[in-house]
Amino acid sequence: VQGHAQGDAPLAESIEEVIVTSRYREESLQEVPDSIVALDALDIQQQNITDLMDITRTVSLMNFENILNMGSLFINMRGISSQRGSEPGVSVYIDGIQSTTPLQLSQELFDIESIEVLKGPQGALYGRSAIAGAINISTKKPSDEFENVALVGFADGGEYNVNFKSSGPISEGKLYYSIFGGTMEYDGGIMNTYLDMEVDFKENDTFRGRLLWTPTDQLEIDARVNYDDLYGGTYHFSTIVDE
């Protein structure tokens, strides 16, 4: 028995502690009394998560509903969703800023550092828009070394996407920058015979810029700008009719 215990000791010591910030402070995941799914940068890269809808492949009891048009995108968590014109059931925060419109949920998130999905009512910390849960997304901070990354993808329906990121120091130890840009186009796959064209086309352009200034060890100024332009057609829509 003693030999078996000694053999298991290195394995137990190698388990990495997961730190989350769901309650606005750094805590061990094991100490937070909430149902949380935490994904770090490696998990996100391995699972090819590039937008919010990709998260549903990892998180159980959660899905996205796209109906009628691009602006009608709702999060369903634990069977609780929302309707057009009503308060959302799940609150989404990107770098601490709440996404107040469904249009923001379709933007590309190429440079994600971590994702935390909180299941269950979170109104105490995230307000009335979090009766079903909350999602915290943190993008990567500007790096202290120059980094340039580009990603190009193609798919059926004439779809293509191009994403790039550039990051690095402007003034060593003081000022850093980060720029992200992405564009995607999809010709569509639903043919309208009357109009003689595909009606589920989509075009999405995203830009994010960030400056991080640390004039002293006790002061950090983080300035960000975000631009997202979404233009598209319809989605599949079906109804159940009793015969």
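The text that follows walks through the structure, step by step, so that each part is easy to find. The model shown is predicted, which means the values in this text are computed figures rather than measured ones.

1. Regarding the environment of Pro121
Then, in step 1: Within the fold, Pro121 resides in the loop between strand 8 (112-119) and helix 3 (123-126).
Then, in step 2: The spatial distance from the C-alpha of Pro121 to the C-alpha of Ile131 is 4.4 Å, given a sequence separation of 10 residues.
Then, in step 3: When near neighbours in sequence (up to four residues on either side) are disregarded, Pro121 contacts Ala130, Ile131 and Ala132.

2. Comments concerning the sheet that holds strand 3 (residues 35-39)
Then, in step 1: Reading across from one edge, 3-8-9-6-7 is the order of the five strands in this open sheet, with mixed pairing throughout. A strand with exactly one partner marks an edge of an open sheet, and here the two such strands are strand 3 and strand 7 (97-98).
Then, in step 2: As paired elements, strand 3 and strand 8 share five bridges and run antiparallel to each other. Bridging across to strand 8, Ala38 finds its partner in Glu116.

3. Let's talk about the pattern of salt bridges
Then, in step 1: Inspection of every chain in the model, using the stated rule, returns four salt bridges.
Then, in step 2: Here Arg224 makes a salt bridge to Asp95, at a shortest N to O gap of 3.0 Å. With Arg224 in strand 16 (residues 219-232) and Asp95 in the loop between strand 6 (90-94) and strand 7, the pair connects residues that are 129 residues apart, well separated along the chain.
Then, in step 3: Note on Arg224: relative accessible area 38%, which makes it partly exposed.
Then, in step 4: Salt bridges here are not isolated pairs; linked through shared partners, they connect Asp95, Arg210, Asp222 and Arg224.

4. Section: the nonpolar core
Then, in step 1: Grouped together as the largest cluster of nonpolar side chains are 20 residues, with contacts concentrated most on Leu52, Ile55, Met62, Ile115, Val117, Ile135 and Ile137.
Then, in step 2: Mapped onto this core, the elements with two or more residues apiece are strand 4 (62-66), strand 5 (73-77), strand 6, strand 8 and strand 9 (133-139).
Then, in step 3: Those residues in contact with Ile137 that sit more than four places away from it in its chain are Leu52, Tyr93, Ile94, Asp95, Leu109, Ile112, Ser114 and Ile115.
Then, in step 4: Formed by eight residues, the second largest nonpolar core is a distinct cluster that contains Val20, Val32, Ile36 and Leu118.

5. Structural notes on unusual backbone geometry
The general pattern is negative phi for most residues beyond glycine and trans for most peptide bonds.
Then, in step 1: Although it is not a glycine, Leu61 adopts a positive phi angle of roughly 60 degrees.
Then, in step 2: Along the chain, the position of Leu61 falls in the loop between helix 2 (41-46) and strand 4.
Then, in step 3: Judged by relative accessible area, Leu61 falls into the exposed class, the value being 58%.
Then, in step 4: Its identity as a non-glycine residue notwithstanding, Asp95 has a phi of 55 degrees, on the positive side.

6. Some thoughts on the pairing of strand 8
Then, in step 1: Of all eight residues in strand 8, six are buried, a share of seventy percent or more.
Then, in step 2: With seven bridges joining them, strand 8 and strand 9 adopt antiparallel strand pairing. The residue bridging Ile112 from the neighbouring strand is Thr139, located in strand 9.

7. Describing the side chain of Asp54
Then, in step 1: Inspection of the secondary structure puts Asp54 in the loop between helix 2 and strand 4.
Then, in step 2: Apart from residues no more than four positions distant in its own chain, Asp54 is found in contact with Asn48 and Ile49.

8. Section: the pairing of strand 6
Then, in step 1: When you tally the buried positions in strand 6, you get five out of five residues, the bulk of the element.
Then, in step 2: Neither face of strand 6 is open: one carries Val90, Val92 and Ile94, the other Ser91 and Tyr93, and all of them are buried.
Then, in step 3: One ladder, built from five bridges, connects strand 6 with strand 9; its direction is parallel. Looking at the pairing, Val90 lines up with Gly133 of strand 9.
Then, in step 4: As paired strands, strand 6 and strand 7 are joined by two bridges and run antiparallel to one another. Paired with Ile94 across the two strands is Ile97, which belongs to strand 7.
Then, in step 5: The turn joining strand 6 and strand 7, which pair antiparallel and follow one another in sequence, is formed by two residues; a positive phi near 55 degrees is taken by Asp95.

Conventions adopted
Residues numbered from 1 in each chain as written. Predicted model: local features only at pLDDT ≥ 70, side-chain atom pairs only at ≥ 80, totals over all residues. Heavy atoms only, no water. Helix = DSSP H or I, 4+ residues; strand = E, 2+ residues; numbered from the N terminus. Contact = heavy atoms within 4.5 Å. Pairing = 2+ DSSP bridges. Salt bridge = Lys/Arg side-chain N within 4 Å of Asp/Glu carboxyl O. Buried < 20%, exposed > 50% of the residue type's maximum accessible area, 1.4 Å probe, protein only. Core = buried A, V, L, I, M, F, W, Y, C linked by side-chain atoms within 4.5 Å.

Geometry only, nothing functional implied.
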